[in-house]
Amino acid sequence: MNDFLGLPLDASAHGPEIDAMMGVIHWLMFALFIGWGAFFTYILIRFRRSRHAAADYTGVKSHSSTYLEIGVALIEAVLIVGFAIPLWAKRVNEFPPDRDAVVVRVVAEQFAWNIHYPGPDGLFGSTDISLVSADNPVGLDRSDMDGKDDIVTINQMVLPVDKPVIVRLSSKDVIHSFGVPLLRVKQDVIPGQVIPVWFKAVETTESIQAKMAKKYSLVSSGITFSTMVTMEDYVGADSTVIAAKGTLLFPDVVDQLTQAGFTEVLLSPETPMEIACAQLCGLGHYRMRASVSIKTMAEYEAWLAEEALYLQP
Amino acid sequence: MQIPYTVAARPDTGLHNSKLGIWLFLASEVMLFGALFSAYILLRVAASEWPHGSQLLNVPLAFLNTVILIGSSVTMVMSWASLMMKDFQKYRRYMGLTILCGFGFLVVKGFEYGAKFSHGLFPSEDLFYATYFTLTGLHGLHVIGGIIVNLYFWGPGSRMWKTEPERFTNRVEVAGLYWHFVDLVWIFLFPILYLL
Amino acid sequence: MQNVATAPHHGESAHHEEHASFWRTYVFSVDHKVIGIQYMMTGLIFLFLGFTLMMLMRWQIAYPTKSIPGEWFTLLPGLIALISVVVGLMSKRKLTVLVGVLFGAIAWLVWSMVSDETLFPEGIMLPELYNSFGAMHGTIMVFLGVVPIAVGGFGNYVVPLQVGAPDMAFPKLNMMSYWSYFAGGVVMLTSFFVPGGAANSGWTSYPPLADIATTGQTIWLLGMVFLITSSLLGSVNFIVTIVQLRAKGLTFMRLPFFVWAQFITSFLLLLAFPPLEAAAVLQLMDRLAGTSFFLPSGLVISGQILDVSGGGSPLLWQHLFWFLAHPEVYVLILPAMGIIAEVIANNTRKPLWGYRSLVFAGVFLGFMSFIVWAHHMFMTGMGTVISTFFQTTTMIISIPSVIILSALIISLWGGSIRYTVPMLFAVAFLPMFGIGGLTGLPLGLAPTDIHLHDTYYVIGHFHYVVAPGTIFALFAGIYYWYPKATGRMMNTGLGKIHFWGSLVCMNGIFFPMLIQGLAGVSRRLYDGGAQYAHAQDVLQWNEFMSVSAWLLAIFQLPFIFNFFWSLKKGKAVESDNPWGATTLEWQTPTPPPHGNFVKVPEVYRGPYEYSVPNAPKDFLTQNTP
Amino acid sequence: MEHTSAEDIKKHVRTYILVFVALLVLTIVTVGVSYLHLSIVPAVILALLIASIKGALVASYFMHLISEKKLVYFTLILTVVFLITLLSLPLLGFHDTIQ
Ligand code: HEA
Ligand code: HEA
Ligand code: CUA
Ligand SMILES: [Cu+2]
C-alpha cells in the first residue's frame, strides 16, 4: 500500500506498525497537497489579470477552510492518540523480561561498534575504563568470574531470529546513534548513560538477501560489486563452478564471469542489514558502520560456541 | 521628522522609549540567568552528591557583599529621587556612593576568588566550583557593566542635567532599573550557591 | 541606498544637511535605511559564501573518489566579482565595486582551500573539512545569511517606514547591532584559518564532540556571542519602534502583516537567544577553563582517559540549544511570510483574506514555538510522558501554519493576479513551504521519527522551508522594494529567468533528499552514504542533486547582474508608488530621505484597502482620509 | 514615574528606607536559617521563599513595579511563562527517560 515511499525492507516485528503509520501520514500529506494544489492552480489560472481584470474586494465568503483546518487538527489528534502514543509506549516501556530475551551490550566509540555478549553464563563481566586497550575495547575485566566467558566482537553483530533482543547502549566518548534502518530502530547513544532498545528480528539475513536480490549487468554499472554476493551458482562451459552461491564478487570473479560469457548476474548485498551511526560523531562518522547478521537459533548458538573457542589461551 | 517619545511618555502606552527598551532588555536577562539556573538545577539533581555551599564558600564575605549590593540599590534609587526633587548635588553624592558600593562588591569578590585560587581551587575542580565561578563571574561582569554606566552618568553624562533635566532623570531611572536587576540576581545567587 | 540611487525628484533636499562625512553617512550611519542596506548586502554575500561551501561539499557527495576541479568552483565567484567590479566602475557605484571585491575574496578563499594539499590531498576533500564546511554552511546560512537579511535588512529598511516613523527608536543601538553582527561574521571567517580549521561539529555543536573539538569551535562560540548580542539589541529596537513609533491612527489591527511578523520575530529572538548565550558560555568554560558542564565522568577519547572532573550532562546542551533553535526556525519563516503577504495583497489587488486570523495564527505560532523544542530530541531516550507532550505541542503548532498558508492561498481567490517577478516568487513560496511544512509532520511524531531522524528526509524537510521557502521570499522582497530603495525597477526578463531557473533547480536538489531519507540514508555523510547497502538504490540521485545545485548557482548570475545593473540602467520609477501599493513606505520620497516622511503621516484605514468598491483608484493608501 | 511631585517623592524615600531595613532583616534570617542545617527539602523551600520575597521587594519598590504600565507587566508575564517552561520541561525530560 505504501511501497511508493520506498522504505527499506523491514525485518523486525514492530516495523510494519511504524511503516503503516508512515503510510497514513504520507497519504494525509498527499491529500492536503493535492487538494490545495489543485485549488491553488485553478485560482492562478482563473484569476490571472488578463481573464479577471477587476479584483473583488471581499473575495471568499464561505468558511469551509475553517472546517478543513479543524479536520486536519482532528486527523492529527487521531494520529497521536491512535498511533504515536501506543507505538512509542511499546518501544520504550514494554520491554520483554531479560530471561526470555537475548541481551547484548553495545559500546560505541569513534568510530566503531563494540558488541559485548554475556556468554554461556548469561552474565556480563564487570568493565572498567582503566582496562580499555586496543585488544580490550570495552575494558572487560577477564579476572571477574562473570567476565571469563564473555564474547566481544567489533563491528559485527550476530543475533537470532524470532527472539526478542535487548541492546544496552553506552558510549566511550561522544554521542553516537544506534540506527538500523532494516530493523526500524534508532537510539542515540549518550555517554554517561546506558539506554536500552529492544526489537525482534523476523527474517534471517539469508531470506533478506533473497528478497533484495537483483539482476545486475556486469558490463555497465555504478555499484561496487565487492560488497555483493551471488545468489545462485554460475557454472562455466566446462561445468566448473566459477562463482558458487554466496561468492563475493571481487573484480577477478567478475572478469572470469564475463569471459565465460555471462552479461548479468543475480546479486544481493553481502551485509544487507547494517548499523548506521546516525549522529555526527567526528571525521569518521560516515564510516561508522557494523554488520548485523540474523541467524536461526541453531546457527546463532553454533556461532557463539565457535567464538567461545577463541577465548581459550 | 524627529523621533517621538524619547522623553515624554506615549499617551496610549504610558511609557517613553528607553523605559520600554530597558524592560525588554531585562526580560532577556531574566532568560539568560534563568537558563543558567536551569542548568544548575539539572546538574545538581543529576549529581550523585553535591557539597553544601556554606562548607566550601565564605558565607560572611558573601553576606557582606549582599548588604553592600542592597545598600547600593537604595543609594541608586535615592540618587534618582534626588533628581526628581531637582537636587543635583544630592544626586552626585548618592550616585557616587552607588559606584563605591559597586567597587566594594568587586573588591570583596576579588578576595573571595583570590582565596580559592591560592588553595588551588579553580573552575575545573568539580561541578560545584564550575557553577560557582561561572555564575558569580557572569554576575560580576554585569556589576562591572553597571559601574561603567553609572560612572558615565555621574561624570560626563551628567552635563545633560543642564540642558535636558527630564531626559537625564529618565536615563538615571533606566540605569537604576538595570542596577536593581543586578542586585536582584545576586539575591537569588546568594542562597543558591552559598547557603544550600 | 542614497549613495547609489539617482533620486529622480524631491527628497534630495531633505538629506543634504545630513551629508556630513562619507563615514558618518555610509559606514557608521545611524539611518535605519543605510543600516538596512548594510545588513542586506553583508547578508547576501554570506548567503553566497554558505552556498559556495555547499557546492564544494556537493562535489564530494556526488563523486567521493574524484578529485575536485577547483578552478570551476573559483570561477563562479570570480566571475561575479568581475561583473560587479566592471558594472560598478562603469556606473561609478562605490558599493557595487566593494561587493565585487568581496566576491573576489570568496573566490580567493575557495581557491586557497581547494589548491591546498593539506585540505584536498590529490584534490579530494578531507572528512574533517567536509564536516567543518557542513557546520559552517548551517551556521552561515542561518545566523549570518537569512536572519540578517530578513530581520536586519528588510526589517530595518521597511518596518520604520511602514509604521510611519522617522527612524528606529534607538538609531545608535541600531548601528551597534549591525557592527556587532559584522564582528561576529569576521570572527566566524577567521576560524577558517586557525589550525584544525573552522568548527566541525555541526551547526548544532553537540558536546562532548564539540567540547573536545579543535580551536575552530572556540571561535565559533565567540562568534555566536557577538551574533546573539546583535540580535538582542536589534529585537529590543524593533519592539520599541513598533510599539512606540506607530503613526497616529495606526492601531495594531491596521499594521501591515509584515510588521506583525517582525514584531513576533523580535519577541522570539529576545526571549529564545539568551539561553543559547548561556549555553555558549558554559561550553566556552568547558573548552577554556576545563570545567565539565557537558562532560560525564569516565570518557575515553581514542584510547586516552579524558582527564576532567566529569559529572556533566551532554543533554543539557541539547535542551538549551533547541530552546533557541526551534524558535529560530520560525524566525527564519515569519518575516518570509510577512513579505509574501505584502506581495500577494499588492499583486492580487485585493485585501488579504482573514487578516485577523493571520495575525492571531502568527502570535499563536510564536508562543507555541517555545514549547516544542524537544521534538529534535525524540531519539535521546525519552519516556512516554515527555514525548507525548512534545508530539502534541508539535502537532498543535502545525495548525497555525496551516491557517496562515490557507489564508494566503484563499487571498488569491477573486483577485486580479499580476504575475510580476516578486509575485512569481511569492506564488511559488506557497507550495514549496507546503511541502516543507507537510514533511515536518512525520518528523513530529516520535514513532515515524525513529526511521527518519537524522536522515536526508530532515535535510529535505527544512530546506524546502528555508530555501525555496524563505530564500524565495527574500528574492520576492528584493524585487518588490528595490524601486523604493533605488528609484529604479529591476529588469523583468532577467527576473523571470532567475525565477524559473531557481524553482526547477531547488526542487531538483531537495526533492530527492526526501526519497533518500525515506530509504534511510543518514545525513552528514562524507561519502553520501556510498558504503551502505540500504543506500545503494538511491545513490544515483546524489549526482543529480549536485548538478542541480551547481545549475542553481548559474541561475543566480542573472539576478546579481540585474541587481547591480538596474541601479543605473533600470527603468526609473515615474512615481513614488510604482506598484500602486497601500502601505506607508510608498508615501515617502524615493529613495526616502533621512527622517523618511516629508510630512508626518496619519493613518485612517487598514493596510490592504485594494479595489474598494466605488473608490476612485483601485487602491486607497493607509493615509488617505 | 514622569509626573510625580516632590511631595510623593518624599513619601517614596520613606518606603525605600523601610524596604532597605526589611531586606537586611531577611538576609540575616536566611543566613541564620542556613546554620540550623535543616534537611535539604525544607531548606531549599525556605531559602527560595525568602529570596523570592526579597526579590519581590526590590522589583516592586526600587524598580517601581507595583505602579508600572500594563505593557511592562505583559512583557514580564510572558517572560516568566517561558522561564517556567525552561526550568521545568528539561527537568521533566531528565526524569522521564527509558527505564
Ligand atoms: C523555516 C524553518 C522551519 C519551519 C517553518 C519548520 C516547520 C516545522 N518543522 Fe522543522 N526543522 C527545521 C526548520 C523548520 N521547520 C530545521 C532547520 C530542522 C533541522 C535542524 C537540524 O537537525 O539540523 C528541522 C527539523 C525538524 C524536526 C526534527 C527532525 C529530526 O531531527 O528528527 C521536526 C520534528 O518534529 C520538525 C517539525 C516541524 C513541524 C511540525 C513544522 C511545522 O511548523 C510545519 C507546519 C506546516 C504545514 C503543516 C504546512 C501546511 C501545508 C498545507 C496547508 C498545504 C499547502 C499546499 C499547497 C499550497 C499546494 N522539524
Ligand atoms: C537558512 C538556512 C539554509 C539555507 C538557505 C540552505 C541552503 C542550501 N543548503 Fe543547507 N543546510 C542548512 C541550512 C540552510 N541551507 C543547515 C542548518 C544544515 C545542517 C548543517 C549541519 O549538518 O550541521 C544544512 C545542510 C545542508 C546539506 C546536508 C549536508 C550534510 O548533511 O552532510 C546540504 C546538502 O546538499 C545542503 C544544501 C543546501 C543547498 C544546495 C542550499 C541552496 O538552497 C542554497 C541557495 C542559495 C542561494 C540561491 C544563494 C543566493 C544568494 C545570492 C544569489 C547572492 C546574491 C548577492 C548579491 C546580489 C550581492 N544543506
Ligand atoms: Cu558515531 Cu556517527
Ligand atoms: Cu523544530
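From a predicted model like this one, the values you see are computed outputs, not experimental measurements.

(A) Expanded view of the coordination of the copper ion (ligand 4). All names here are of chain C. Surrounding the copper ion (ligand 4) are the protein donor atoms His-326 (ND1), His-375 (NE2) and His-376 (NE2), which sit 1.9 to 2.1 Å from the metal. As a motif over one chain, the donors of the copper ion (ligand 4) read H-x48-H-H. Between the copper ion (ligand 4) and the iron atom of ligand 1, the interatomic distance is 4.4 Å. The class for His-375 is buried, based on a relative accessible area of 15%.

(B) Broad picture of the interface of chain C and chain A. Facing 91 residues of chain C, the contacting portion of chain A comprises 88 residues. Buried area between chain C and chain A, summed over both chains or domains, comes out near 7,700 Å², and the portion from carbon and sulfur atoms is 69%. It is C:Trp413, C:Ile450 and C:Tyr532 that lose the most area in chain C upon contact with chain A, and together they represent 9% of the buried surface on that side. Summed over the shared surface of chain C and chain A, the number is 1 salt bridge. Between chain C and chain A we count 26 residue pairs in polar contact (both at pLDDT 80 or more) in total. Within the residue set of the side of chain C that touches chain A, elements represented by two or more residues are α5 (127-162), β1 (300-301), α9 (314-348), α11 (384-412), α12 (421-438), α13 (440-444), α14 (446-452) and α16 (492-519) of chain C. Per-element tally for the side of chain C that touches chain A: the top contributor is α11(C), with 14 residues. Per-class residue counts for the side of chain C that touches chain A are 50 nonpolar, 31 polar and 10 charged.

(C) How the structure looks around the sheet that holds strand β4 (residues 156-160) of chain A. All names here are of chain A. With mixed pairing, 5 strands are arranged side by side in an open sheet as β4-β15-β14-β6-β7. Two strands in the sheet have a free side with no partner beyond their single neighbour: β4 and β7 (185-189). Averaged over all adjacent pairs, the angle separating strand axes in this sheet is 25 degrees, with direction ignored. Both β4 and strand β15 (residues 289-295) contribute to a ladder of 5 bridges, which runs parallel. Across the sheet, Val-158 pairs through a bridge with Ser-293, a residue of β15.

(D) Spotlight on the pairing of strand β13 (residues 264-269) of chain A. All names here are of chain A. Burial within β13 is extensive, with 5 of its 6 residues counted as buried. Relative to β13, strand β10 (residues 228-230) runs antiparallel, the two sharing 3 bridges. Note that in β13 the partner of Val-229 across the bridge is Ser-268.

(E) Molecular detail of the arrangement of the chains. Summarising the chain contacts, 5 pairs of chains touch, and the pair with the most contacts is chains A and C. You won't find any contact between chain A and chain B; their C-alpha atoms come no closer than 11 Å.

(F) Just the site of ligand 1, in detail. C:Tyr330, C:Asp449, C:His453, C:His461 and C:Arg523 are the nearest of the 34 residues found near ligand 1. At the site occupied by ligand 1, the surrounding residues belong to chains A and C. Taking C:Leu443, its main chain carries an N or O atom lying 3.3 Å from an oxygen atom of ligand 1. At a separation of 2.7 Å, an oxygen atom of ligand 1 approaches a polar side-chain atom of C:Asp449. Among the residues forming the shell around ligand 1, the class breakdown is 20 nonpolar, 12 polar and 2 charged.

(G) Looking closely at the packing of aromatic side chains. Scanning the entire structure with this criterion turns up 92 aromatic pairs over all chains. Ring geometry for C:Phe563 and C:Phe564: centres 5.2 Å apart, planes at 80 degrees, overall edge-to-face. Each member of the pair, C:Phe563 together with C:Phe564, is buried. Lying over the aromatic face of C:Tyr532, A:Arg289 brings its terminal NZ or CZ to 5.8 Å of the ring centre.

(H) View of the pattern of salt bridges. Scanning the entire structure with this criterion turns up 18 salt bridges over all chains. Here A:Lys211 ties to A:Glu203 by a salt bridge, and the two come within 2.7 Å at their closest N and O atoms.

(I) A look at the site of ligand 2. Residue and element names in this part refer to chain C. Every one of the 38 residues lining ligand 2 counts as a neighbour, but Arg-58, Tyr-130, His-137, His-463 and Arg-524 are closest to it. Between ligand 2 and His-137, the relevant distance is 2.9 Å, taken from a nitrogen atom to a side-chain nitrogen or oxygen of the residue. Of all the secondary-structure elements, those providing two or more residues to the shell around ligand 2 are α2 (32-62), α4 (94-114), α5, α15 (456-486), α16 and α18 (556-569).

About the criteria used
Residues numbered from 1 in each chain as written. Chains lettered and ligands numbered in written order. Predicted model: local features only at pLDDT ≥ 70, side-chain atom pairs only at ≥ 80, totals over all residues. Heavy atoms only, no water. Donors = N, O, S within 2.8 Å, 3.2 Å for Na, K, Ca; no water. Buried < 20%, exposed > 50% of the residue type's maximum accessible area, 1.4 Å probe, protein only. Contact = heavy atoms within 4.5 Å. Buried area = accessible area lost by both parts, 1.4 Å probe. Salt bridge = Lys/Arg side-chain N within 4 Å of Asp/Glu carboxyl O. Polar contact = N/O pair within 3.5 Å; in protein donor to acceptor, adjacent residues only side chain to side chain. Helix = DSSP H or I, 4+ residues; strand = E, 2+ residues; numbered from the N terminus. Nonpolar A, V, L, I, M, F, W, Y, C, P; charged D, E, K, R; others polar. Pairing = 2+ DSSP bridges. Axes fitted to C-alpha atoms, helices over the stretch in contact; angles between N-to-C directions. Near = heavy atom within 4 Å. Phe/Tyr/Trp six-rings, centres within 6.5 Å; stacked < 30°, edge-to-face > 60°. Lys NZ or Arg CZ within 6 Å of the ring centre and 35° of its normal.

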